[in-house]
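Architecture at a glance
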Amino acid sequence: MPVYITQVRPRWADMDVFHHVNHAAVVTLLEEARAGLLFVQAARLGFAELSNGLVLSRLEVDYKGQLRYTGGEVYAEVSIENLRHASFVVRHTLHTGASAGDPVAVTARTTLVPFDVSAQRPRRLSGAEREFLAGYQAGESVG
């Protein structure tokens with residue numbers, strides 16, 4: 001499965017009383033990693049349509065270990081699965097450190113729905129959007 005690779009940085013304020021990054025902050029880190037693919041990478045490759053509107057309809061987070069604040073970045077992987085005409089699933093993996101060799105701390109799946117902001121309703125993915133997303137379903141790692 002092709003994977004978009006990026007780095008996200010927990011903040012000191014993201015820690016809870018148990019000295020690990022709290023759930024709300026983890027969800028924000030997942031969002032930052034996902035935005036790197038869906039907005040930054042997509043625009044860089046000429047597929048800017050996704051930034052016109054997406055709504056998160058489902059979020060599943062599984063904790064495999066503790067994600068602790070270290071002052072450094074953590075390695076994040078993002079890929080696409082279950083690409084449909086009006087929704088798709090983003091698969092996320094956050095590691096405990098800055099490399100792929102560091103243990104996995106979090107895996108997550110988010111279901112996203114394209115959204116027409118002006119009409120205030122869901123919409124279908126365009127051909128260009130589907131083409132871009134399909135590029136992260138199979139193949140080599142991309143970053």
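Below is a summary of the structure that appears in this document. All values derive from a computational prediction rather than experimental measurement.

1. Notes on the nonpolar core
Leu37, Leu38, Leu67, Phe88, Leu94, Phe132 and Leu133 are the most contacted members of the largest nonpolar core, which totals 31 residues. At the level of secondary structure, the elements contributing two or more residues to this core comprise β1 (4–8), α1 (23–44), β3 (74–81), β4 (88–95), β5 (104–116) and α2 (127–134). Of the residues forming this core, the biggest block, eight residues, is contributed by α1. Beyond its immediate stretch of four places on either side in the chain, Phe132 contacts Leu37, Gln41, Ala42, Leu45, Phe47 and Leu50.

2. Topic: the pattern of salt bridges
For the structure shown, the criterion picks out seven salt bridges. The salt bridge partner of Asp14 is Arg11, with a shortest N-O separation of 2.9 Å. With a shortest N-O distance of 2.6 Å, Glu129 and Arg123 are connected by a salt bridge. Like Glu129, the residue Arg123 is buried in the burial classification. Via salt bridges that share partners, Arg58, Glu60, Glu81, Arg91 and Arg109 belong to a single interconnected network.

3. Thoughts on the environment of Val17
Along the chain, Val17 falls in the loop between β1 and α1. By relative accessible area, which is 66% here, Val17 ends up exposed. Expressed as a C-alpha distance, the spacing of Val17 and Gly71, which sit 54 residues apart in the sequence, is 17 Å.

4. Topic: the side chain of Glu81
By the secondary structure assignment, Glu81 is in strand β3. When its relative accessible area of 17% is taken as the criterion, Glu81 is described as buried.

The rules we used
- Residues numbered from 1 in each chain as written.
- Predicted model: local features only at pLDDT ≥ 70, side-chain atom pairs only at ≥ 80, totals over all residues.
- Heavy atoms only, no water.
- Core = buried A, V, L, I, M, F, W, Y, C linked by side-chain atoms within 4.5 Å.
- Buried < 20%, exposed > 50% of the residue type's maximum accessible area, 1.4 Å probe, protein only.
- Helix = DSSP H or I, 4+ residues; strand = E, 2+ residues; numbered from the N terminus.
- Contact = heavy atoms within 4.5 Å.
- Salt bridge = Lys/Arg side-chain N within 4 Å of Asp/Glu carboxyl O.

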